[in-house]
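# An overview of the molecular structure
Here's the letter readout for the chains.
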Amino acid sequence: GLADTVMATSQIFTDPSLSIFIPNCDFDFDAKVVSFKVTFKRKIGTVLKVYDVKGNKMSGEHLIVTKQLVTGDKIIFTDVKLQCADCSVLKLKTLTITIK
């Protein structure tokens, strides 16, 4: 499962990619994020933008929108799809990052 979290926008700019990390796990889970949908939402509920992303990284216009976010706004990742060497495509649950 994914844990929703709180982050500063500066943390997002440091590494704007989605990757898989399983804490306290010795199993080498070789999987990559291949696509996701990202929604930028104001704390009052207004949706700023929604993008379908191929690959595992936000770039360009996504980061411009991220710069406009303020405390309480949200970045919501849905339809996150993983591909691994010995499995079919897996879909993860929604992950929400609230801006601090």
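Anyway, here's the lowdown on the structure attached to this text. (Residues numbered from 1 in each chain as written. Predicted model: local features only at pLDDT ≥ 70, side-chain atom pairs only at ≥ 80, totals over all residues. Heavy atoms only, no water.)

Once that is clear, we can look at the overall build of the chain. From N to C terminus, the chain includes two helices and six strands. Order of helices (α) and strands (β) in the chain, N terminus to C terminus: β-α-β-β-α-β-β-β. Counting only residues that meet the buried cut, the chain has 34% of its 100 residues in that class. When contacts within the chain are restricted to residue pairs at least 6 apart in sequence, long-range pairs at least 24 apart make up 56% of them. Accessible surface computed for the chain: about 6,400 Å², of which carbon and sulfur atoms make up 52%. (Helix = DSSP H or I, 4+ residues; strand = E, 2+ residues; numbered from the N terminus. Buried < 20%, exposed > 50% of the residue type's maximum accessible area, 1.4 Å probe, protein only. Contact = heavy atoms within 4.5 Å. Areas by Shrake-Rupley, 256 points an atom, 1.4 Å probe, with all protein chains shown as cover.)

Let us look at the environment of T14. Along the chain, T14 falls in helix α1 (residues 9–14). A polar contact is formed between the side chain of T14 and the backbone oxygen of S10, at a distance of 3.0 Å. (Polar contact = N/O pair within 3.5 Å; in protein donor to acceptor, adjacent residues only side chain to side chain.)

Turning to the environment of V38, a few remarks are in order. With respect to the helices and strands, V38 occurs in strand β2 (residues 31–41). Each C-alpha atom, one on V38 and one on V50, is 5.7 Å from the other, the two residues being 12 residues apart in sequence. Beyond its immediate stretch of four places on either side in the chain, V38 contacts K49, V50, Y51, V53, M58, I75, I76 and F77.

Attention shifts here to the packing of aromatic side chains. As enumerated under the stated definition, the model contains two aromatic pairs in all. Relative to Y51, the ring of F40 has its centre 6.1 Å away and its plane inclined at 80°; by these criteria the two rings are edge-to-face. One end of the pair, F40, is in strand β2; the other, Y51, is in strand β3 (residues 47–54), with 11 residues separating them in the sequence. For the pair shown, F40 and Y51 are each scored as buried. (Phe/Tyr/Trp six-rings, centres within 6.5 Å; stacked < 30°, edge-to-face > 60°.)

For the rest of this paragraph, the subject is unusual backbone geometry. The backbone of D79 shows a phi angle near 50°, a positive value even though the residue is not glycine. Residue placement: D79 occurs in strand β4 (residues 74–84). A residue is classified by how much of its surface remains accessible, and D79, at 29% relative accessible area, is partly exposed.

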